[in-house]
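Each chain, written out:
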Amino acid sequence: MSNHAMKRQSHGNHWMGVIAFILLLTGGAFSGLWVVTLADLPANKGMNITYGVLALGCLVFSVMIFSLLVRQLRHSPVLPDNTPAEINRYLAKVRPS
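Described below are features of the structure shown in this document. The structure presented is a predicted model; accordingly, all values stated were derived computationally and were not measured.

Here we take up the overall build of the chain. Scanning the chain from terminus to terminus reveals three helices and zero strands. When its helices and strands are written in sequence order, the chain yields α-α-α. Expressed as a percentage of the 97 residues in the chain, the buried residues total 20%. A separation threshold of at least 6 residues defines the contact pool for the chain, and within that pool the share at least 24 residues apart is 70%. If you sum the accessible surface of the chain, you get close to 7,400 Å²; carbon and sulfur atoms cover 70% of it.

Following this line, the structure appears as structure tokens:
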């Protein structure tokens, strides 16, 4: 049996960053659909409102996730921070002396 605890290794990427990126892309697609339905506004008022709310919701949730990850990780949740200071901080956190 091993007497040391397994530690989680992070390489700078977070799975919620992927979710936020997908939400960002989905919000962009819904905003495109919202703009397209603006051309036929009196007939498709319900769809226009639905696409607008979905676009805004996806964009707001992705911004919330990105800002939360930036505060928790103290660097970009999408791109790993491979600077010497970040490597030293990581090594001090994962392999304390």
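Enumeration according to the criterion identifies one aromatic pair in this entry. Where Phe 30 meets Tyr 51, the ring centres are 6.1 Å apart and the plane angle is 25°; that geometry is what we call stacked. Placement of the pair is Phe 30 in helix 1 (residues 15–37) and Tyr 51 in helix 2 (residues 45–73), with a sequence separation of 21 residues. The exposure class assigned to Phe 30 is partly exposed, which follows from its relative accessible area of 22%. On the accessibility criterion, Tyr 51 (17% relative accessible area) is buried.

The subject of this paragraph is the side chain of Ser 62. On the secondary structure map, Ser 62 appears in helix 2. Ser 62 has contacts with Ala 20, Leu 23 and Leu 24, leaving out every residue within four places of it along the chain.

Right, let's get into the environment of Gly 32. By secondary structure assignment, the location of Gly 32 is in helix 1. By relative accessible area, Gly 32 is classed as partly exposed at 34%. Separated by 23 residues in sequence, Gly 32 and Ala 55 place their C-alpha atoms 8.6 Å apart.

Together, Phe 21, Leu 24, Leu 25 and Leu 59 line one region of the surface with nonpolar side chains, adding up to about 330 Å² of accessible area. Within the secondary structure, Phe 21 sits in helix 1. Owing to a relative accessible area of 42%, Phe 21 belongs among the partly exposed residues under this scheme.

Another aspect to go through is helix 2. For helix 2, with 29 residues, the first-to-last C-alpha span of 42 Å sits near the 42 Å given by 1.5 Å per residue. Turning to helix 2, its buried residues are Asn 48, Tyr 51, Gly 52, Ala 55, Cys 58, Ser 62, Ile 65, Phe 66 and Leu 69.

It is at 7 Å that the axes of helix 1 and helix 2 come closest, and there the two elements cross at 155°. Here helix 2 runs roughly antiparallel to helix 1, going by the angle between their axes. Considering how the two elements wind past one another, helix 1 and helix 2 form a crossing that is left-handed. Classifying every residue of the contact of helix 1 with helix 2 by side-chain character gives 18 nonpolar, nine polar and no charged.

Calculation rules
- Residues numbered from 1 in each chain as written.
- Predicted model: local features only at pLDDT ≥ 70, side-chain atom pairs only at ≥ 80, totals over all residues.
- Heavy atoms only, no water.
- Helix = DSSP H or I, 4+ residues; strand = E, 2+ residues; numbered from the N terminus.
- Buried < 20%, exposed > 50% of the residue type's maximum accessible area, 1.4 Å probe, protein only.
- Contact = heavy atoms within 4.5 Å.
- Areas by Shrake-Rupley, 256 points an atom, 1.4 Å probe, with all protein chains shown as cover.
- Phe/Tyr/Trp six-rings, centres within 6.5 Å; stacked < 30°, edge-to-face > 60°.
- Patch = residues over 30% accessible without salt bridge, like charges linked within 9 Å, V, L, I, M, F, W, Y side chains within 5 Å.
- Salt bridge = Lys/Arg side-chain N within 4 Å of Asp/Glu carboxyl O.
- Expected span 1.5 Å × (residues − 1).
- Axes fitted to C-alpha atoms, helices over the stretch in contact; angles between N-to-C directions.
- Parallel < 35°, antiparallel > 145°, perpendicular 65-115°, else oblique.
- Left-handed = near helix turned anticlockwise from the far one by under 90°.
- Nonpolar A, V, L, I, M, F, W, Y, C, P; charged D, E, K, R; others polar.

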